[in-house]
Amino acid sequence: MRLRLALCLTAATLGATATLALAQVAKPAPAAEPRSPEGKRYLSQPLVKNLYFADPSAHVFNGKLYVYPSHDVDAGIPDDDLGTQYAMHDYRVLSMDRIGGPVTVHPVAIDVKDIPWASKQTWAPDAAYKNGTYYLYMPARDKQGVFRIGVATSKSPTGPFKAEAAPIKGSFSIDPAVFTDTDGQSYMYFGGIWGGQLQRWTTGRFDPNAGDTDMKQDDKPALSPKMARLSADMKQFAEPPRDVVITDEAGKPVLGGDHDRRFFEASWVFKRGGKYYFTYSTGDTHFLNYAVGTTPYGPFRYTGHILSPVQGWTSHHSIVEFKGKWWLFYHDTQLSNKNYLRSAKVAELTFNPDGTIVQLDPFKN
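The structure displayed is predicted, hence computed values, not measured ones. (Residues numbered from 1 in each chain as written. Predicted model: local features only at pLDDT ≥ 70, side-chain atom pairs only at ≥ 80, totals over all residues. Heavy atoms only, no water.)

Pulling in residues and values, what's your account of the overall build of the protein chain?
A tally of helices and strands in the protein chain yields 1 helix and 21 strands. By principal-axis analysis of the C-alpha atoms, the protein chain measures approximately 105 × 45 × 45 Å. Relative to its full complement of 365 residues, the protein chain shows a buried share of 52%. In the protein chain, 53% of the contacts between residues at least 6 apart in sequence involve partners at least 24 apart. Of the roughly 16800 Å² that the protein chain leaves accessible, carbon and sulfur atoms contribute 54%. Charged side chains of the protein chain number 40 positive and 37 negative; the gap between the two group centres comes to 8 Å. (Helix = DSSP H or I, 4+ residues; strand = E, 2+ residues; numbered from the N terminus. Buried < 20%, exposed > 50% of the residue type's maximum accessible area, 1.4 Å probe, protein only. Contact = heavy atoms within 4.5 Å. Areas by Shrake-Rupley, 256 points an atom, 1.4 Å probe, with all protein chains shown as cover. Lys, Arg positive; Asp, Glu negative; His and termini not counted. Charge placed at Lys NZ, Arg CZ, Asp CG, Glu CD.)

Given below as structure tokens:
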């Protein structure tokens, strides 16, 4: 009887051990960490993996985070220096209750076919809120192929948005970014060279023959981004656009040949510690930079890089404070490795005691 019991216990123990061993063998191995084509690990992962979103403009409305990106699509167009391959045609809003939590992709907020004045290429947008209305600011080519900036409105932060019949009077170029100061006054910053056409507006009129890049005057002040105070209804400029001057440490304008510091596109402004941070992309050198001023109009003194070059040609971003921390939203080509199919990402941004930004690397060490 004892022998039979011992044999039964031994068999049961062996069976349990075998089952445990089998379970250990069958346990799936952890997924390999994604790496770039050069074998680097990414600092952050895409917010959305089944669609492509770039140029993420982030805002906090009613305690929730909303991101207004451009929606990349594959139009089968080869890359060129004027951005023809960026054939976006609609906008969709992303939202989340917390960083790292689920991201909701909302239905189409507006399509280019519903923008009366526009023909194609709904590029990087921005959004704002005032008195119960949400405003979506949209750059697109008009019927003559010239980039203008329009506005659409909604009672919901996710749309659908209804476009105004015409673009903002006096608007041109791309990349609108709307900053609302603590006194409630709102300002739009905009512009981009190369495909953004800013170099074709130096005389105050559109010149189709002015060149495809910049002014080709490396020893003279670089082309400046533009800005204008918005009207009370948030739909027009309340003043003629003026230059946003970025200066060097000596107070002189950054030169056109200084491609590590000069403006290319992607204006974004925020306020912290009583200072105004004008942030932007350098384009062909692929940095995100910042310059600091004491008024919304500048001038802004160049201070440093925010983000080192990402995977992909373009770099475009936004910076927002949310739940006591500062966050940098940006994009790269991790999922596609194609310049025109980009993925929005987010990483925490930190500051030194003197207000300077701790530069981020989009790859881990």
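Lay out empty space enclosed by the protein in plain terms, naming residues and giving numbers.
By rolling a water-sized probe across the atoms, one finds the places where empty space is left. Going through the model one piece at a time under the given rule, you end up with 3 cavities of 30 Å³ or more. When its volume is computed, the largest cavity comes out at roughly 100 Å³. If you trace the largest cavity, you find it lined by Ile193, Asp214, Met215, Lys216, Gln217, Asp218, Pro221, Ala222, Leu223, Gly256, Arg262 and Phe263. Considered class by class, the residues forming the lining of the largest cavity number 6 nonpolar, 2 polar and 4 charged. (1 Å grid on protein atoms, 1.4 Å probe; cavity = no way out; pocket = protein on both sides within 12 Å on 5 of 7 lines; lining within 4 Å. Points joined across faces, edges and corners; volume = space filled by probe spheres on them. Nonpolar A, V, L, I, M, F, W, Y, C, P; charged D, E, K, R; others polar.)

Can you break down the sheet that holds strand S14 (residues 246-247) residue by residue, with the values?
Strand pairing within a sheet occurs via backbone hydrogen bonds; the two strands may be parallel or antiparallel. Taken in spatial order, the 5 strands make up an open sheet running S14-S18-S17-S16-S15, and their pairing is mixed. Because the sheet does not close on itself, it has two edges, and the strands there are S14 and strand S15 (265-272). Pairing of S14 with strand S18 (residues 300-307), which is carried by 2 bridges, proceeds in the parallel orientation. The residue of S18 that forms the bridge with Thr247 is Arg301. (Pairing = 2+ DSSP bridges.)

Tell me what's going on with unusual backbone geometry, and back it up with residues and numbers.
That bond from Gly159 to Pro160 is cis: its omega, 5°, falls within 30 degrees of zero. Here Pro160 is to be found in the loop between strand S8 (147-154) and strand S9 (162-163). Omega for the peptide link from Gly298 to Pro299 comes to 5°, which places this bond in the cis form. Despite not being glycine, Lys216 has its phi angle at roughly 55°, a positive value. Residue classification places Lys216 among the exposed positions, given a relative accessible area of 66%.

For the side chain of Asp332, give the residues involved together with the corresponding values.
By secondary structure assignment, the location of Asp332 is in strand S20 (residues 325-332). One polar contact links the side chain of Asp332 to the main-chain amide nitrogen of Gln334, over a distance of 3.1 Å. A distance of 2.7 Å separates polar atoms of two side chains, one belonging to Asp332 and the other to Lys345. Setting aside chain neighbours within four positions, we find Asp332 in contact with Tyr42, Val310, Gln311, Leu341, Arg342, Ser343 and Lys345. (Polar contact = N/O pair within 3.5 Å; in protein donor to acceptor, adjacent residues only side chain to side chain.)

Tell me about the layout of surface pockets, residues and numbers included.
The space that makes up the largest pocket amounts to roughly 500 Å³. Taken together, 20 residues make up the lining of the largest pocket; nearest its centre are His59, Val60, Phe179, Thr180 and Val320. Contributions of two or more residues to the lining of the largest pocket are made by strand S1 (52-61), strand S6 (126-130), strand S10 (177-180), S15 and strand S19 (318-322). Split by residue class, the lining of the largest pocket holds 14 nonpolar, 3 polar and 3 charged. Roughly 350 Å³ of volume is contained in the second largest pocket. As for the second largest pocket, its lining consists of 24 residues, of which Gly83, Tyr86, Glu265, Trp313 and Thr314 are closest to the centre. When its residues are assigned to classes, the lining of the second largest pocket shows 10 nonpolar, 7 polar and 7 charged.

Explain the confidence of the model for the protein chain to me, using residue names and the numbers behind them.
Model confidence for the protein chain is summarised by a mean pLDDT of 93, while 92% of its residues fall at 70 or above. This model gives residues 1-23 a pLDDT under 50, and the stretch forms 0 contacts once residues within four places in sequence are excluded. (pLDDT = per-residue confidence, 0-100.)

I'd like a rundown of the pattern of salt bridges, residues and numbers included.
All told, the structure shown has 17 salt bridges when counted by the stated rule. For Glu33, the salt bridge is made with Lys364, and the minimal N-O distance between the two is 3.0 Å. Linking Glu33 in the loop between helix H1 (2-26) and S1 with Lys364 in the segment after strand S21 (343-349), this pair joins segments that are 331 residues apart in sequence. A salt bridge links Asp55 to Arg342, with the nearest nitrogen and oxygen atoms 3.9 Å apart. (Salt bridge = Lys/Arg side-chain N within 4 Å of Asp/Glu carboxyl O.)

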